[in-house]
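A closer look at the structure
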Amino acid sequence: MYWAFTAFRLLPEFRRLEAEVQEHLKDELSALLERWGGRGIALYSLVGFSGEADLLLFQQAEDPRAFPLLQKELHRTRMLGFLVPEGRFLDRGEGSPEGEALLLLPFGLEGEAEGLRVLRGEALALVEGPLERLFPLFLREGGYLGLKKAPREALDEL
């Protein structure tokens, strides 16, 4: 199985738009993500946990040629003009994230993560568990700590 993670940062210009325009852009993107929802994607809010990114988009596929299909559709939305990719991480691993809190470690996991679910790729490590248990690991290891959200819910946190 192949994994793709994209970390996005919201540009400050978005907050200068009228509220009605902001809502329309969020509706457009959330509708797209909900249409893709059954195809191995998940959205994580990084708000409050990362200074460099606000959203983390996870995509899983059996063939890496599937990744550009979603990216192409994302780039057709006007909201993506306000979301800048801060990092793209591709890997191959077994399993998919299932929990509500996820820690993405782009360079793997150093040491143990006792009592937490760890999915290891060839380079990445994904760690799941309660936020209270992930937070100390995040402080020690770095990475991206996020909470799984429905698309509109994640976009409303921006």
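Look up a bit, the structure's there.
1. Quick word on the side chain of Glu 128
- Tracing the sequence through the fold places Glu 128 in strand β7 (residues 125-128).
- A distance of 2.5 Å separates a polar atom in the side chain of Glu 128 from the backbone nitrogen of Glu 98.
- From its side chain, Glu 128 meets the backbone nitrogen of Gly 99 in a polar contact 2.5 Å long.
- When sequence neighbours within four positions are dropped, the list of residues in contact with Glu 128 reads Pro 97, Glu 98, Gly 99, Ala 101, Leu 102, Leu 116, Arg 117 and Leu 134.

2. Details of the sheet that holds strand β5 (residues 101-105)
- A sheet is described by the order of its strands in space; here 8 strands give the open sequence β4-β1-β3-β2-β8-β5-β7-β6, paired in antiparallel fashion. Whereas interior strands pair on both sides, the edge strands pair on one side only; in this sheet they are β4 (83-92) and β6 (117-120). Strand-to-strand twist of the sheet, defined as the mean angle between neighbouring strand axes without regard to direction, takes the value 25°.
- Relative to β4, strand β1 (residues 2-10) runs antiparallel, the two being bridged by 9 bridges. Counterpart to Ala 4 in the pairing with β4 is Leu 90.

3. What to know about the environment of Phe 49
- Here Phe 49 is to be found in the loop between β2 (41-45) and β3 (55-61).
- C-alpha of Phe 49 to C-alpha of Glu 98: the two residues are 49 residues apart in sequence and 20 Å apart in space.

4. Looking at the pattern of salt bridges
- This structure, assessed with the given rule, holds 14 salt bridges.
- Put simply, Asp 156 and Arg 152 hold a salt bridge, and the shortest N to O gap is 2.9 Å. A residue pair is termed a helical-turn pair when its members lie 3 or 4 positions apart in one helix, as Asp 156 and Arg 152 do in helix α4 (residues 151-156) at 4 residues.
- Look at Asp 156 and you get partly exposed, because its relative accessible area is 42%.
- Bridged by salt links that share partners, the residues Glu 23, Lys 26, Asp 27, Arg 152 and Asp 156 form one connected network.

5. Comments concerning the pairing of strand β8 (residues 144-149)
- Pairing of β2 with β8, which is carried by 3 bridges, proceeds in the antiparallel orientation. Residue pairing for β8: Leu 43 is matched across the bridge by Lys 149.
- Note: β5 against β8, 4 bridges, orientation antiparallel. Directly across from Leu 103, in β8, lies its bridge partner Leu 145.

Rules behind the numbers
- Residues numbered from 1 in each chain as written.
- Predicted model: local features only at pLDDT ≥ 70, side-chain atom pairs only at ≥ 80, totals over all residues.
- Heavy atoms only, no water.
- Helix = DSSP H or I, 4+ residues; strand = E, 2+ residues; numbered from the N terminus.
- Polar contact = N/O pair within 3.5 Å; in protein donor to acceptor, adjacent residues only side chain to side chain.
- Contact = heavy atoms within 4.5 Å.
- Pairing = 2+ DSSP bridges.
- Axes fitted to C-alpha atoms, helices over the stretch in contact; angles between N-to-C directions.
- Salt bridge = Lys/Arg side-chain N within 4 Å of Asp/Glu carboxyl O.
- Buried < 20%, exposed > 50% of the residue type's maximum accessible area, 1.4 Å probe, protein only.

These figures come from the coordinates and say nothing about function on their own.
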